[in-house]
Amino acid sequence: MVATLSEIAGVDDIQFLASQQFKAKSKELAGLSAHGLVNGDQKCFSFSTETFNGDVGFAVVETTDDAVIIDRMDELLPEIVACKKERNLSALFLAVVNIVQLKGTLLLCGPSELSLAKAAFPNCKVNDSHTMMDLGSRVSRKKDYIPEITKAVKAGWKKPVKRGLSVVDMAALGKLEVDPTDYQNITRRGSLAMKQGEHFTVDDDSVVDEENCI
C-alpha cells in the first residue's frame, strides 16, 4: 500500500518524507502552551477496587525531540496539577515519547503519581526530585502504560497517606486565556506558574492534611 501510494504521489524517499513529517509535528508541539501539551492527547481511565476508587488521567506527547518538551518540566508539572484538580482526577500522568529513539519519560506531578508509577513500573528509575521516571523502551499508552497501571491498581494500590509538596490552593490555579488570533492557543495565567529559578519537586515523605492533598 505504501509503495503504491508513494508511486502515485511521486515520492522517491519514503523514509525522508516521514522524518520531515515527524520534525514538522515536533516543531508544532514545541510551540504549544503547557495547557495544550497536557490536554492535547489525554484519556481518562476509571477504577473501582477495594482499595481505590477513582479516575486516572494519562496524557501522551509524541515527538522526535523529547528534550525540548522535558526541558519545560517546571512549566508542565504545575499545569498537570491544575488540570488534575479541575477534572477531579485521582492521578494524572504525562508521558513524553521519543518516536525516533523509541523511549518514554513519565512526568510525576505529585505523591499519588509517584506511588502509582513505582507500583506499575518497579524497575524504572526516578530522578532525585521525584518528578520524572525513565520508562525505557515503553512507548505505548495502550500496550505499555495502562495495562501496567491497571495491574498495579487491581493488585491493591491505594493513594498514599504521606503526601507533601503538591498541596495546591484551588484559588491559586490561575485562569485560562485564549489567544484571540489563535483559538487553539490556550495559556494559563495565575500564581500557580513557577517563578524563575524555582524547580517543582514532589515530597513523598512528609505527612500533611489528607483533605488538601492531591
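A brief look at the structure comes next. Counting restarts for each chain: residues are numbered from 1 in the order of the written sequence. At least 70 in pLDDT is required for a residue's local features to be given in this predicted model, at least 80 for side-chain atom pairs to be given and counted, and no such filter applies to totals for whole chains, interfaces and linings, which use all residues. Values shown for side chains rest on all heavy atoms present in the structure; no hydrogens or waters enter the calculation.

**So, the pairing of strand 1 (residues 42-48)**
At least two DSSP bridges between two strands are needed for those strands to be called paired. Secondary structure elements follow DSSP: runs of H or I no shorter than four residues count as helices, runs of E no shorter than two count as strands, and numbering proceeds from the N terminus. The pairing of strand 1 with strand 2 (residues 53-63) spans seven bridges and is classified as antiparallel. Within strand 2, the residue paired with Cys 44 across the bridge is Gly 57. Linking strand 1 to strand 2, which pair antiparallel, is a turn of four residues.

**Focus: helix 6 (residues 111-120)**
Whether a residue is buried, partly exposed or exposed follows from its accessible area with a 1.4 Å probe, protein chains only, as a fraction of its type maximum: under 20%, in between, or over 50%, in that order. Burial within helix 6 is extensive, with seven of its ten residues counted as buried. The complete set of buried residues in helix 6 reads Pro 111, Ser 112, Glu 113, Leu 114, Leu 116, Ala 117 and Ala 120. By the convention used here, residues are in contact when the closest approach between their heavy atoms is within 4.5 Å. Residues of helix 6 that are buried in the fold lie against strand 2, helix 5 (73-86), strand 3 (91-98), strand 4 (103-108), strand 5 (132-136) and helix 7 (141-154).

**Remarks on the pairing of strand 3**
Counting buried positions over the eight residues of strand 3 gives eight, a clear majority of the element. As defined by bridge partners, strand 2 adjoins strand 3 across eight bridges and the pair is classed as parallel. Opposite Val 61, over in strand 3, you have Val 96 as the bridge partner. Pairing analysis gives six bridges linking strand 3 to strand 4, with the strands arranged antiparallel. Bridging from a neighbouring strand, Val 97 pairs with Gly 104 of strand 4.

**Points about the sheet that holds strand 4**
Here we have five strands laid out as an open sheet, ordered 1-2-3-4-5, and mixed in their pairing. Bordering the open sheet on either side are strand 1 and strand 5, each of which pairs with just one other strand. Ignoring which end each strand starts from, the neighbouring axes of this sheet average 25° apart. Docked against the sheet, helix 5 engages strand 1, strand 3, strand 4 and strand 5, running at close to 145° with respect to strand 3. The axes used here are C-alpha line fits, helices contributing only the stretch in contact, and every angle between their N-to-C directions lies in the interval 0 to 180 degrees.

**A look at the nonpolar core**
It is characteristic of soluble globular proteins that their nonpolar side chains tend to be buried jointly. To form a nonpolar core, buried Ala, Val, Leu, Ile, Met, Phe, Trp, Tyr and Cys residues must be joined to one another through side-chain atoms within 4.5 Å. Of all hydrophobic cores here, the largest spans 26 residues; its most connected members are Phe 58, Phe 93, Leu 106, Leu 116, Phe 121, Met 133 and Ile 149. Contributions of two or more residues to this core are made by strand 2, strand 3, strand 4, helix 6, strand 5 and helix 7. With five residues, helix 7 is the largest single contributor of residues to this core. Setting aside residues no more than four positions away along its own chain, Leu 116 makes contact with Val 56, Phe 93, Ile 149, Ala 152, Val 153 and Trp 157. Formed by 19 residues, the second largest nonpolar core is a distinct cluster that contains Ala 34, Leu 77, Ile 80 and Val 96.

**A closer look at the packing of aromatic side chains**
Classification of ring pairs uses Phe, Tyr and Trp, with its six-membered ring standing for Trp, and accepts pairs whose centres are within 6.5 Å; under 30 degrees between planes counts as stacked, over 60 as edge-to-face, and the remaining range as tilted. Within the structure shown, the criterion is met by five aromatic pairs. Ring centres of Phe 52 and Trp 157 lie 5.1 Å apart, and the angle between their planes is 70°; on these two criteria the pair is classed as edge-to-face. Here Phe 52 is found in the loop between strand 1 and strand 2, whereas its partner Trp 157 is found in the loop between helix 7 and strand 6 (175-179), with 105 residues between them in sequence. Judged by its relative accessible area of 7%, Trp 157 is buried. Measuring from ring centre to ring centre gives 6.5 Å for Phe 121 and Tyr 145, while their planes differ by 90°; the resulting arrangement is edge-to-face. Residue Phe 121 is located in the loop between helix 6 and strand 5, and its partner Tyr 145 is located in helix 7; the two are separated by 24 residues in the primary sequence. Of the residues examined, Phe 121 reaches a relative accessible area of 2% and is grouped as buried. Aromatic ring contacts, followed pair by pair, group Phe 58, Phe 93, Phe 121 and Tyr 145 into a single cluster.

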